[in-house]
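Here is how the chains run, residue by residue.
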Amino acid sequence: PTWRRWFELFICTRQSAGFPFLHQDTCGVHACTFQTQGRKQYTLMKPTDSPYLYPSGPSGTRSQVPAVDIIQGTVDLDKFP
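Just so it is clear, the structure is predicted and the values come from calculations on it, not from any experiment.

(A) Expanded view of the environment of Ile71. By the secondary structure assignment, Ile71 is in helix 1 (residues 67-72). Residue class for Ile71 comes out exposed when judged on its relative accessible area of 57%. For the pair Ile71 and Gln41, spaced 30 residues apart in sequence, the C-alpha to C-alpha distance is 8.4 Å.

(B) Structural context of the side chain of Asp69. The topology assignment puts Asp69 in helix 1. Despite its burial, Asp69 remains without a salt bridge, the nearest opposite charge being carried by Lys79 at 7.9 Å. Ignoring any residue separated from it by four or fewer positions in sequence, one finds Asp69 in contact with Thr74 and Val75.

(C) Structural view of the side chain of Ser63. With respect to the element layout, Ser63 can be found in strand 2 (residues 62-63). A distance of 2.4 Å separates the side chain of Ser63 from the backbone oxygen of Leu53, its partner in a polar contact. Among the polar contacts made by the side chain of Ser63, one reaches the main-chain amide nitrogen of Val65 at a distance of 3.0 Å. Residues within four places of Ser63 in sequence aside, it is in contact with Leu22, Leu53, Tyr54 and Ser56.

Rules used in this analysis
Numbering of residues starts from 1 in every chain and runs along the sequence as written. Under the rules for a predicted model, residues below a pLDDT of 70 receive no local features and side-chain atom pairs below 80 are neither given nor counted, while totals for whole chains, interfaces and linings still include all residues. Excluding hydrogens and water, the side-chain figures rest on all heavy atoms present in the structure. Where helices and strands are cited, they refer to DSSP runs of H or I of at least four residues and of E of at least two residues respectively, numbered from the N terminus. We call a residue buried when its accessible area falls under 20% of the maximum for its residue type, exposed when it is over 50%, and partly exposed in between, using a 1.4 Å probe and counting protein chains only. Charge assignment: positive for Lys and Arg, negative for Asp and Glu; neither His nor the chain ends contribute. A pair is scored as a salt bridge if a Lys or Arg side-chain nitrogen falls within 4 Å of a carboxyl oxygen belonging to Asp or Glu. We call two residues in contact whenever any of their non-hydrogen atoms come within 4.5 Å of each other. What qualifies as a polar contact is a pair of N or O atoms within 3.5 Å, subject to a donor-acceptor requirement within protein and to the restriction that residues adjacent in sequence count only when both atoms come from side chains.

So this is what it looks like as structure tokens:
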């Protein structure tokens, strides 16, 4: 398929948790992140680990694993082995 060029801008306040879910970028997307204040944490996975992200949604790029559980280290390993 032919993909259009698009731009996304996410602005978060001090009280927000930031980007709300674990996801996989697609379409050969190149991302650039700027953070003017505070801290940012990234969790990177190998492409071969994709099945363990439990993809869902129409595009299959959004994980069923709650991002807050990943950040806090409280992922339910019975539900997401």
